[in-house]
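Coordinates in review
Here is what each chain is made of, one letter per residue.
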Amino acid sequence: MSDSEPFSVISRPRTAPARVRFSMGRWILAPRTTWQARRIAADFGPGMDAKTAWVMARLQRHPDEYPYMVRHLDGDQIS
């Protein structure tokens, strides 16, 4: 390649997915679930929010918590 030839520019796609962020509390209290949720969100791509990814990861490890997670996703308060 000579100096007169332009370098080929490699550009990133314009729709690069943003990384899903989780609160520090989730990382401290449930690091394995939060790590798994981060992987689920990354595999799913854009459109998966942190709350849904975390619930999916939690249900994989603790299926008995299903009733609580449904209320959590619906936004209802657990009494």
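These figures come from a predicted structure and were not determined experimentally.

How each quantity is defined
- Residues numbered from 1 in each chain as written.
- Predicted model: local features only at pLDDT ≥ 70, side-chain atom pairs only at ≥ 80, totals over all residues.
- Heavy atoms only, no water.
- Salt bridge = Lys/Arg side-chain N within 4 Å of Asp/Glu carboxyl O.
- Buried < 20%, exposed > 50% of the residue type's maximum accessible area, 1.4 Å probe, protein only.
- Helix = DSSP H or I, 4+ residues; strand = E, 2+ residues; numbered from the N terminus.
- Contact = heavy atoms within 4.5 Å.
- Patch = residues over 30% accessible without salt bridge, like charges linked within 9 Å, V, L, I, M, F, W, Y side chains within 5 Å.
- Areas by Shrake-Rupley, 256 points an atom, 1.4 Å probe, with all protein chains shown as cover.
- Core = buried A, V, L, I, M, F, W, Y, C linked by side-chain atoms within 4.5 Å.

Per the counting criterion, the structure on display carries two salt bridges. E65 is the salt-bridge partner of R58, the closest N and O atoms lying 2.9 Å from each other. E65 matches R58 in its accessibility class, with the two residues each being buried.

Along the chain, T34 turns up in helix α2 (residues 31–44). When the C-alpha positions of T34 and A57 are compared, they lie 7.5 Å apart, and in sequence the two are 23 residues distant. Each residue touching T34, except ones within four places of it in the same chain, is listed here: F22, R26, W27 and W54.

Another point: the environment of R19. Residue placement: R19 occurs in the segment before α1 (24–29). In sequence terms R19 and R38 are 19 residues apart; their C-alpha atoms lie 8.3 Å from each other.

As a further point, take a nonpolar patch on the surface. On the surface, M24, I28 and L29 cluster together into a nonpolar patch covering about 400 Å² of accessible area. Looking at the secondary structure, you find M24 in helix α1.

If you look at the biggest cluster of nonpolar residues, it comprises 13 residues, and the most contacted ones within it are F22, A37, A53 and W54. Elements supplying a minimum of two residues to this core: α2 and α3 (50–61). By residue number, the principal contributor to this core is α3, which donates five residues. Non-local contacts of F22, meaning those with residues more than four positions away in its chain, are made with W27, T34, A37, R38, A50, A53 and W54.

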